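As a plain string of letters, each chain reads:
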Amino acid sequence: MGHLLKVDALYKSYGKEPVLEDFNMQADRGEIIGLVGENGAGKSTLLRIIATLNRPTDGEVYIDEQSYGKNYKKLRRKIGYVPQEIELWEELSVIENMRFFEKLSHENRSVPELKNLLSELHLEKYDTKVSRLSGGMKRKLNLAISLIHEPELLLLDEPTSGIDLKSRIEIGKFLKGLAGKGALIIYTSHDMTEIRELCDRTIFIGKDPFYKNILTDG
Ligand SMILES: Nc1ncnc2c1ncn2[C@@H]1O[C@H](COP(=O)(O)OP(=O)(O)OP(=O)(O)O)[C@@H](O)[C@H]1O
Ligand SMILES: [Mg+2]
């Protein structure tokens, strides 16, 4: 069997300056991978390309050996993505947001199932309007939404930025549980302690060797 994810000779530039240049990686079910690099290194760009939301200038991404080319709509169903910038309906409640995204997901999840997912993430304010949630609670809700369709590949762009220590630990445990059930999780963070604790391996991206050295210095 091939890899769940294969990124092959990826190039991306928005203008003349390349952001990604011949980027390659492979990853398998059950792994938690930390993506590390300076601001502007291209981490979010890479995650958006893997999430099928942005197209590479050149190169190809494969899930289970199927290239994105003409299969991306089908492959998208295997992917969960939490963007760096929170995207929610501020005027709807927590559970209304879950129901909205459940409708988009082509899955059938009952309200009790959705509430169960929220409660696993310790977000039990089902009827609170999103505009009244704290930043950290919104991040948890975004994470819950990305999990509605039970993705095999979960892409998290700084999921714990602004999240308090207790919630970080809860999210970390939850992600380890998901990986234990066979999900592949790719994760960006600027918190090296968190990366070391949570991730099975790290991938350095970008041009600033500072980050690479931090990783190899242990
Ligand atoms: N839509 C866009 N149009 C033009 N340039 C972009 C666009 N998106 C990103 N860039 C540029 O691409 C580079 C990589 O950005 P990206 O957001 O992927 O970095 P990052 O590693 O996620 O950074 P951070 O750690 O700050 O989140 C930056 O120089 C950024 O200015
Ligand atoms: Mg980013």
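Above this text you will find the structure in question.
Okay, so let's go over this structure. (Residues numbered from 1 in each chain as written. Chains lettered and ligands numbered in written order. Predicted model: local features only at pLDDT ≥ 70, side-chain atom pairs only at ≥ 80, totals over all residues. Heavy atoms only, no water.)

What follows is about the coordination of the magnesium ion (ligand 2). Distances from the magnesium ion (ligand 2) to its protein donors, Ser44 (OG) and Gln84 (OE1), fall within 2.0 to 2.2 Å. Remark: Gln84 occurs in the loop between strand 6 (79-82) and helix 3 (94-104) and Ser44 occurs in helix 1 (residues 43-50); sequence separation between them is 40 residues. (Donors = N, O, S within 2.8 Å, 3.2 Å for Na, K, Ca; no water. Helix = DSSP H or I, 4+ residues; strand = E, 2+ residues; numbered from the N terminus.)

Spatial ordering of the open sheet is given by 6-7-8-3-9, a layout of five strands whose pairing is parallel. The open sheet has two free edges, formed respectively by strand 6 and strand 9 (201-204), since each of these has just one partner strand. On average, each strand axis in the sheet is tilted by 20° relative to the strand beside it, whichever way the strands run. Two strands pair when backbone bridges link them, and strand 3 (residues 32-36) and strand 9 are joined in this way by four bridges, in the parallel orientation. Across the sheet, Val36 pairs through a bridge with Phe204, a residue of strand 9. Docked against the sheet, helix 1 engages strand 3, strand 6, strand 7 (153-157) and strand 8 (184-188), running at close to 150° with respect to strand 7. Of the strands in this sheet, strand 3, strand 7 and strand 8 touch helix 6 (residues 165-180), which is tilted by about 145° from strand 8. (Pairing = 2+ DSSP bridges. Axes fitted to C-alpha atoms, helices over the stretch in contact; angles between N-to-C directions. Contact = heavy atoms within 4.5 Å.)

All right, on to the side chain of Thr45 then. Locating Thr45 in the fold gives a position in helix 1. Not counting chain neighbours up to four residues away, the residues in contact with Thr45 comprise Lys12, Tyr14, Val19 and Leu20.

In this section: the pattern of salt bridges. Applying the stated criterion to the full structure yields 14 salt bridges. Among the ionic pairs, Glu170 bridges to Lys140, the shortest N-O distance being 3.3 Å. Of this pair, Glu170 sits in helix 6 while Lys140 sits in helix 5 (residues 135-146); the two residues are 30 residues apart in sequence, bridging distant segments of the chain. Taken as a pair, Glu170 and Lys140 share a single burial class, namely buried. The network of salt bridges with shared partners includes Arg29, Asp64, Lys78 and Glu152. (Salt bridge = Lys/Arg side-chain N within 4 Å of Asp/Glu carboxyl O. Buried < 20%, exposed > 50% of the residue type's maximum accessible area, 1.4 Å probe, protein only.)

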